[in-house]
Amino acid sequence: MKVNNLIQKAIEEIENKEFGITEQFLEIHSVAYEDNKPIVEKIDVDEKKGTAIIYFPITNQKFHLAIYLKIKPEISVNWVESEPHHSIYFRATSEIFDYKELCATTTLKPTNGWNKGDKRKFGGLLYKFSCIEFLINEAPDKFGIKLKQLLDFLEGDKEGIANLGNNANGYIQVIINFHNGNTMLGGPMIDKNSIKRISALNLEIDFDLYAKGNFFK
């Protein structure tokens, strides 16, 4: 099986709109193109299940178009839907500890952070607190998968993360951008095992939900 064949089948669905949901969605939004071809944002292949998901970015939006494929006995489109963008990361903030002190609390390496008094990227105001952040996967993916990936990472230093949770307002931040096509957004589910893992790290989890894009006609 060649990945190019999967991509081509997904692109054919975008161009031919065999599924009603494809036609309905692309009537109000556009897949982002480069060199006259739809941009492929991510490909997930599950050989055991005989399935694949091709993710395409949407122009001026954070959510994605997801085309689900069967790859056995032959490649065919199984379903199409808009996929929310899930941003899931760990954040620790403090008005007392500076960036270096927050970093020294854990052996894990932050992907972002700043010191109290640093200038914000937008607006020119100054930060009133120091911060470190750990963002593991910003690519399109399911909520449950991203949460488990983050927990796997954080459990690499359980003691340090727990200390940040106790002493520096450390918590898991979730930001989800949905397509608000018909006001039925759905929502994430945290399974029992993930709840236990979050509890073992003594962390809270905060959700920011956004409904974006155009309504279906």
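Before reading on, note that the structure itself is shown above.
Here we summarise the structure given alongside this text. (Residues numbered from 1 in each chain as written. Predicted model: local features only at pLDDT ≥ 70, side-chain atom pairs only at ≥ 80, totals over all residues. Heavy atoms only, no water.)

## Here's the deal with the nonpolar core
Counting residues in each nonpolar core, the largest one holds 23 residues, and the members touching the most others are Phe-90, Leu-154, Ile-161, Leu-164, Ile-172 and Leu-203. Of all elements in the fold, only strand E7 (85–94), helix H3 (99–104), strand E9 (130–135), helix H4 (143–154), helix H5 (158–167) and strand E10 (170–179) reach the threshold of two or more residues within this core. When residues of this core are assigned to their parent elements, the largest contribution, five residues, is made by H4. By size, the runner-up hydrophobic cluster in this structure holds 19 residues, among which are Leu-6, Ala-52, Ile-71 and Val-77. (Core = buried A, V, L, I, M, F, W, Y, C linked by side-chain atoms within 4.5 Å. Buried < 20%, exposed > 50% of the residue type's maximum accessible area, 1.4 Å probe, protein only. Helix = DSSP H or I, 4+ residues; strand = E, 2+ residues; numbered from the N terminus.)

## Quick look at the pairing of strand E6 (residues 76–83)
Pairing analysis gives seven bridges linking strand E5 (residues 64–70) to E6, with the strands arranged antiparallel. By the bridge assignment, Tyr-68 is partnered in E6 with Trp-79. Between the antiparallel neighbours E5 and E6 lie five residues. (Pairing = 2+ DSSP bridges.)

## Observations regarding the environment of Ile-54
With respect to the secondary-structure elements, Ile-54 resides in strand E4 (residues 51–57). Along the sequence, Ile-54 and Leu-69 sit 15 residues apart, while their C-alpha atoms lie 7.9 Å from each other. Ile-54 has contacts with Leu-6, Ala-10, Val-40, Lys-42, Ile-43, Leu-65, Ala-66, Ile-67 and Leu-69, leaving out every residue within four places of it along the chain. (Contact = heavy atoms within 4.5 Å.)

## Here's the deal with unusual backbone geometry
The amide bond that connects Lys-72 to the next residue, Pro-73, takes the cis arrangement and shows omega of -5 degrees. With respect to the secondary-structure elements, Pro-73 resides in the loop between E5 and E6. In this structure, Lys-17 is a non-glycine residue whose phi angle is positive, near 55 degrees. The residue Lys-17 is located in the loop between helix H1 (3–16) and helix H2 (20–26) in this model. For Lys-17, a relative accessible area of 32% gives the class partly exposed. Here Asp-35, not a glycine, exhibits a phi torsion of approximately 55 degrees, which is positive. In this fold, Asp-35 is placed in the loop between strand E1 (33–34) and strand E2 (37–38).

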